[in-house]
Amino acid sequence: MLKNLFRTTPKAIQINVALLIARISIGGLMLTHGLPKLEHLLSGEPIQFTSVFGLNEMLSLALAIFAEVFCSFFLFLLVWEHDWQQFR
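Here is what the cut-offs are and how they apply
As a convention, each chain's residues are numbered from 1 in the sequence order in which they are written. Whole-chain, interface and lining totals are the exception, using all residues; otherwise, since this is a predicted model, local features are given only for residues with pLDDT of at least 70 and side-chain atom pairs are given and counted only at 80 or more. As a convention, hydrogens and water are excluded, and side-chain values are obtained from all of the structure's heavy atoms. Strands are runs of DSSP state E lasting at least two residues, helices are runs of H or I lasting at least four, and both sets are numbered from the N terminus onward. Partly exposed describes any residue whose relative accessible area lies between the buried limit of under 20% and the exposed limit of over 50%, with all areas from a 1.4 Å probe on protein chains only and scaled to the type maximum. Working definition of accessibility: Shrake-Rupley area with a 1.4 Å probe, residue cover restricted to the visible protein chains. By this rule, a helix spans an expected 1.5 Å times one less than how many residues it contains. Bend, in this description, refers to the angle at a residue between axes fitted to the seven residues ending there and the seven starting there. Whenever a carboxyl oxygen of Asp or Glu lies within 4 Å of a side-chain nitrogen of Lys or Arg, that contact is scored as a salt bridge. Whenever two N or O atoms come within 3.5 Å, that pair is a polar contact, provided that in protein one can donate a hydrogen and the other can accept it, and provided that, for residues adjacent in sequence, both atoms are side-chain atoms. Note on contacts: a residue pair qualifies if any of its non-hydrogen atoms lie within 4.5 Å across the two residues.

**Comments concerning the overall build of the chain**
Secondary structure summary: the chain contains 3 helices and 0 strands in total. Taken from the N to the C terminus, the helices and strands of the chain come in the order α-α-α. Taking all 88 residues of the chain together, 19% fall into the buried category. Here the chain has roughly 6,800 Å² of accessible surface; of this, 71% comes from carbon and sulfur atoms.

This is how it looks when you write it as structure tokens:
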């Protein structure tokens, strides 16, 4: 009993559960951070966004939205594909 409690080498299922929690948490945080930017882009208001790497404001905002919204969806798809397929 104590041997299992203080084990230093994790089992594969423990690693997979930790990765699942990390992927869902990071994806959720990215999504909640990017959705207001997407709403602002779709609202039709003038864009006030920082120009990055010499790109114009519209392109910088579009790249930020892609990274924060669409990549978080890809992260959720990765969670479903990788973590749940092994239990079938």
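Once you've had a look at it, read on.
**Considerations on helix H2 (residues 12–43)**
Its 32 residues give H2 an end-to-end C-alpha distance of 46 Å, which sits within 8% of 46 Å, the value for a rise of 1.5 Å per residue. Where H2 bends most, at Gly34, the angle is about 30 degrees, and the proline Pro36 comes one to four residues later. What H2 keeps buried is the set Asn16, Leu20, Arg23, Gly27, Leu31, Gly34 and Lys37.

**Focus on the pattern of salt bridges**
Opposite charge on two side chains permits them to pair, given that their charged atoms come into close proximity. In the structure shown here, the tally under the stated rule is 1 salt bridge. In this structure, the salt-bridge partner of Lys37 is Glu68, at a minimum N-O distance of 3.0 Å. Here the residue Lys37 occupies a position in helix H2, and Glu68 occupies one in helix H3 (residues 57–83), the gap between them amounting to 31 residues.

**Observations regarding the side chain of Lys37**
At 3.0 Å, the side chain of Lys37 forms a polar contact with the side chain of Glu68. Here Lys37 is in contact with Phe49, Leu61, Ile65 and Glu68, once residues within four sequence places are set aside.

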